[in-house]
Amino acid sequence: MRVLVTGSEGFTGRFMCEALESAGHAVVRASHRRAEHSDLVFDLTSRDETLAVLADCDFDAVVHLAAIAFVGHGDVDELVRAAERQRRFRAVRGEHTHP
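Below is a summary of the structure that appears in this document. Nothing here was measured: the structure is a model prediction, and the numbers come from that model.

With that out of the way, let us pick up the overall build of the protein. The helix and strand inventory of the protein stands at three helices and four strands. When its helices and strands are written in sequence order, the protein yields β-α-β-β-α-β-α. Residue pairs in contact within the protein that sit at least 24 positions apart in sequence constitute 47% of those at least 6 positions apart.

Another point: the sheet that holds strand S1 (residues 2-6). One open sheet holds the four strands; their spatial order is S3-S2-S1-S4, and the pairing between them is parallel. The outermost strands of the open sheet, each flanked by one partner alone, are strand S3 (40-41) and strand S4 (61-64). Of the strand pairs in this sheet, strand S2 (residues 26-31) and S3 are connected by two bridges, and their pairing is parallel. Bridging from a neighbouring strand, Ser-31 pairs with Val-41 of S3. This element, helix H1 (residues 11-22), spans S1, S2 and S4 of the sheet and lies at about 165 degrees to S2.

Let us now look at the nonpolar core. Judged by nonpolar contacts, Leu-4, Val-28, Ala-30, Leu-40, Phe-42, Leu-44, Val-53, Phe-59 and Phe-89 together constitute the single largest core of nine residues. In this view, Phe-59 contacts Arg-2, Val-3, Leu-4, Val-28, Leu-40, Val-53 and Leu-54; residues no more than four positions away in its chain are not counted. Core analysis: the next-biggest nonpolar cluster, separate from the first, contains six residues, Val-5, Leu-20, Val-27 and Val-63 among them.

Attention now moves to the pattern of salt bridges. Pairing between side chains of opposite charge can happen when the charged atoms of each approach one another. Summed over all chains, the structure comprises two salt bridges. Between Arg-14 and Glu-9 there is a salt bridge, and its shortest N-O distance comes to 4.0 Å. Among the ionic pairs, Arg-29 bridges to Glu-21, the shortest N-O distance being 3.0 Å. On the accessibility criterion, Arg-29 (12% relative accessible area) is buried.

The subject of this paragraph is the environment of Phe-59. Mapped onto the elements of the fold, Phe-59 is located in the loop between helix H2 (47-56) and S4. The buried category is assigned to Phe-59, whose relative accessible area is 15%. For the pair Phe-59 and Met-1, spaced 58 residues apart in sequence, the C-alpha separation works out to 7.9 Å.

Looking now at the packing of aromatic side chains. On inspection of all chains with the given rule, the structure shows one aromatic pair. Taking the centre distance of 5.2 Å and the plane angle of 65 degrees together, the rings of Phe-11 and Phe-15 count as edge-to-face. A residue pair is termed a helical-turn pair when its members lie 3 or 4 positions apart in one helix, as Phe-11 and Phe-15 do in helix H1 at four residues. In this structure Phe-11 comes out as exposed when scored by relative accessible area, which is 66%.

Procedures and definitions
- Residues numbered from 1 in each chain as written.
- Predicted model: local features only at pLDDT ≥ 70, side-chain atom pairs only at ≥ 80, totals over all residues.
- Heavy atoms only, no water.
- Helix = DSSP H or I, 4+ residues; strand = E, 2+ residues; numbered from the N terminus.
- Contact = heavy atoms within 4.5 Å.
- Pairing = 2+ DSSP bridges.
- Axes fitted to C-alpha atoms, helices over the stretch in contact; angles between N-to-C directions.
- Core = buried A, V, L, I, M, F, W, Y, C linked by side-chain atoms within 4.5 Å.
- Buried < 20%, exposed > 50% of the residue type's maximum accessible area, 1.4 Å probe, protein only.
- Salt bridge = Lys/Arg side-chain N within 4 Å of Asp/Glu carboxyl O.
- Phe/Tyr/Trp six-rings, centres within 6.5 Å; stacked < 30°, edge-to-face > 60°.

Written out as structure tokens, the structure reads:
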């Protein structure tokens, strides 16, 4: 199975990628910044970039782990952006979202 993992450079993402690869799956690692193991780098908050990635690649599954690691940091703007990323991701999947 070909699996896209967002947040692949994060704590949980690294373990998820290892587990999927150990189980024989082809993992495509996505991150918001260039990193040693990233296959795709794109801005998940950008609807156009996200749609382009999903349209150009053939995935059997997506594991969405991109998130703010420490939500207690008090950056309200970052929390709002995270909520928007989640809303956009659901919209891309065709789920009903609220603005």
